[in-house]
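The primary structure of each chain is shown beneath.
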Amino acid sequence: MRQRLGGRVQKLAIDAELGCPNRDGTAAYGGCTFCLGEAFSPSYCRKARSITEQIDLALDFHSSRGRSANSYLAYFQSGSNTYATVEHLKSLYFEALSHPAISGIIVGTRPDCINSDILQLLDEISQRHYVAVEYGIESVYDTTLSHVNRCHDFSTAVAAVTATKARNIDVGAHFILGLPYESREAIIEGIRHINALSIDFIKFHQLQIYTSTPMAKEWEEHPERFLFSEGFDCEDYISLIIDIIRRLEPTIAIERIASEAPRHLIAHSPLGGVRPDKLRDMLVKRMHDGGFRQGDLLIRE
Ligand code: SF4
């Protein structure tokens, strides 16, 4: 990103309030069992109404924390950001792009919320600005996707990624580690299927159990279903991440290895209170100490 956009790049999260077909009854009611909307959005998203206001507040937010960048990308993060008419999406994306600080957009969405008209719009925008689509895939296993009420299967994700890449648009994918019934071996073996996707970047998140979600109830009643049950700690998580990285295609940029959320929303996380930046430092040290590299145990389908 530094090479392509020149210098340090910062994403600014946007909540376009487009909702989710998995909550409003189009795909399902209730949403994915792990999902808690307020855990995704930074506080500044909730204080502002328009896209422009959110960008301004986001710039203030990062600047007050001493972070500056050469380029900023509007990151349509919360909900499903292709879940609207093409006209409405166009107005949202162009409002972001008309902000003088913004160099491009990253659009987070579900794999079943994309079509050729929306891809055409993104393709046109990508002729003049940086564009990436980030798909929430979460698992390569249909049994898991069904269990967490995801309401799409893995083949839908493969089709969405393939169609997006065919437009020469950067594609990212988001996976959650530790979903119910997924063993350590299954997670690692699943990298084979991830490597077969034409993705440019990937985000891994530890499963965090958010309070008041259906998954919090499942965690309470059936802790044995979860890899990250009591006793699985931060060092175990780093070991898992190392095993994943060593099997991952070296061309896939790893954007994230863990997520954060306000503590009062978390019922359980394998990381305890360890922050993602500290986790990254611990990971890098263990990779260096072990002489490991991304893809040195590459597995393919
Ligand atoms: S995780 Fe995404 S798709 Fe699932 S309910 Fe939440 S916003 Fe909808």
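Scroll up a little and you will see the structure.
Residues numbered from 1 in each chain as written. Predicted model: local features only at pLDDT ≥ 70, side-chain atom pairs only at ≥ 80, totals over all residues.

A.B. asks: Can you help me understand the overall build of the protein in this one?
C.D. replies: What the protein contains, in helices and strands, is 11 helices and nine strands. The globule rule puts the C-alpha radius of gyration for 301 residues at 19 Å, and the 19 Å found for the protein is close to it. The C-alpha extent of the protein, read off along each of the three principal axes, is 50 × 45 × 40 Å. The buried share of the protein, taken over its 301 residues, is 38%. (Helix = DSSP H or I, 4+ residues; strand = E, 2+ residues; numbered from the N terminus. Rg over C-alpha atoms; globule rule 2.2 N^0.38 Å. Buried ≥ 20, exposed ≤ 12 C-beta atoms within 10 Å, placed from the backbone.)

A.B. asks: Is there a simple way to explain the packing of helix H8 (residues 184-195) against helix H10 (residues 234-247) in this structure?
C.D. replies: How two helices sit against one another is set out by the angle between their axes and by the gap between those axes. For the pair H8 and H10, the least separation of the axes is 8 Å and the interaxial angle reads 25 degrees. The angle between H8 and H10 falls in the class roughly parallel. Viewed along their axes, H8 and H10 form a crossing whose handedness is right-handed. When H8 is examined against H10, the residues Arg184, Ile188 and Ile191 are found in contact with a partner set consisting of Leu240, Asp243, Ile244 and Arg247. (Axes fitted to C-alpha atoms, helices over the stretch in contact; angles between N-to-C directions. Parallel < 35°, antiparallel > 145°, perpendicular 65-115°, else oblique. Left-handed = near helix turned anticlockwise from the far one by under 90°. Contact = placed C-beta atoms within 7 Å.)

A.B. asks: In this structure, what is going on with the environment of serine 139? I would like to understand it.
C.D. replies: Along the chain, serine 139 falls in the loop between strand S4 (130-138) and helix H6 (142-147). As a C-alpha pair, serine 139 and glutamine 206 span 67 residues in sequence and 12 Å in three-dimensional space.

A.B. asks: Please clarify how unusual backbone geometry should be interpreted in this entry.
C.D. replies: The phi torsion of most residues other than glycine is negative, and most of the peptide bonds are trans. Of note in this structure, glutamate 17 is not a glycine but carries a positive phi near 50 degrees. Among the structural elements, glutamate 17 can be located in the loop between strand S1 (9-14) and helix H2 (43-47). If you check the backbone angles, tyrosine 181 has positive phi at about 70 degrees while not being a glycine. Secondary-structure assignment places tyrosine 181 in the loop between strand S5 (170-177) and H8.

A.B. asks: Before we go on, may I ask you to explain the site of the ligand in this structure?
C.D. replies: For the ligand, the full set of nearby residues is Cys20, Asn22, Arg23, Gly31, Cys32, Cys35, Gly79, Ser80, Arg110 and Gly136. Taken together, the residues of the shell around the ligand sort by class into three nonpolar, five polar and two charged. (Near = placed C-beta within 6 Å. Nonpolar A, V, L, I, M, F, W, Y, C, P; charged D, E, K, R; others polar.)

A.B. asks: Which parts of the structure should I look at to understand the nonpolar core?
C.D. replies: Considering soluble globular proteins, one finds that nonpolar side chains tend to be buried as a cluster. Residues Leu12, Ile14, Ala74, Ala96, Ile105 and Ile241 are the most contacted members of the largest nonpolar core, which totals 76 residues. Each residue touching alanine 96, except ones within four places of it in the same chain, is listed here: Ile14, Ile51, Ile55, Ala74, Ile102 and Ile105. (Core = buried A, V, L, I, M, F, W, Y, C linked by C-beta atoms within 7 Å.)

A.B. asks: How should I be thinking about the sheet that holds strand S8 (residues 253-256) in this particular structure?
C.D. replies: The strands that make up a sheet are held in pairs by hydrogen bonds between backbone atoms, and each pair lies either parallel or antiparallel. Across the sheet, seven strands lie side by side as S1-S2-S3-S4-S5-S6-S8; this open sheet has parallel pairing. Both edges of this open sheet fall to S1 and S8, since each of them pairs with a single strand only. If you compare each strand with its neighbour and ignore which way they point, the axes differ by 25 degrees on average. Of the pairings in the sheet, the one linking S4 to S5 comprises six bridges and is parallel in character. Within the sheet, the bridge partner assigned to alanine 132 lies in S5 and is aspartate 170. (Pairing = 2+ DSSP bridges.)

A.B. asks: Please clarify how the pairing of S5 should be interpreted in this entry.
C.D. replies: If a strand is regular, its side chains alternate between the two faces of the sheet. Most of S5 is tucked away, with six of its eight residues classed as buried. With H8 bridging S5 and the parallel strand S6 (residues 201-206), this β-α-β connection has right-handed handedness. (Right-handed = clockwise from strand over helix to strand, strands pointing away.)

A.B. asks: Explain the packing of helix H3 (residues 51-64) against helix H4 (residues 86-97) to me, please; I cannot follow it from the model alone.
C.D. replies: Contact geometry for H3 and H4: axes closest at 9 Å, N-to-C directions at 35 degrees. When the axes of H3 and H4 are compared, the crossing they make is right-handed. On H4, the residues that touch Ile51, Thr52 and Ile55 of H3 are Leu92, Glu95 and Ala96. In the contact of H3 with H4, the residues fall into four nonpolar, one polar and one charged.

A.B. asks: Just checking my understanding: could you explain H3 for this structure?
C.D. replies: Count 3.6 residues to each turn of an α-helix, and residues three or four apart come out pointing the same way. With 14 residues, H3 extends 20 Å between its outermost C-alpha atoms, agreeing within 8% with the 20 Å of an ideal straight helix rising 1.5 Å per residue. For H3, every residue scored as buried is listed here: Ile51, Gln54, Ile55, Ala58 and Leu59. All buried residues of H3 lie within an arc of 140 degrees about the axis, which places them on one face of the element. Among the exposed residues of H3, those oriented more than 90 degrees off its buried face are Asp60, Ser63 and Ser64. Once H3 finishes, glycine 66 follows within two positions and takes phi at roughly 75 degrees, a positive value. (Expected span 1.5 Å × (residues − 1). Arc of directions from axis to C-beta.)

A.B. asks: I keep staring at the environment of tyrosine 93 and nothing clicks. Help me out?
C.D. replies: In this structure, tyrosine 93 sits in helix H4. Sequence spacing of tyrosine 93 and isoleucine 106 is 13 residues, and the spatial spacing of their C-alpha atoms is 9.6 Å. In contact with tyrosine 93, not counting residues within four places along its chain, are Ile105 and Ile125.

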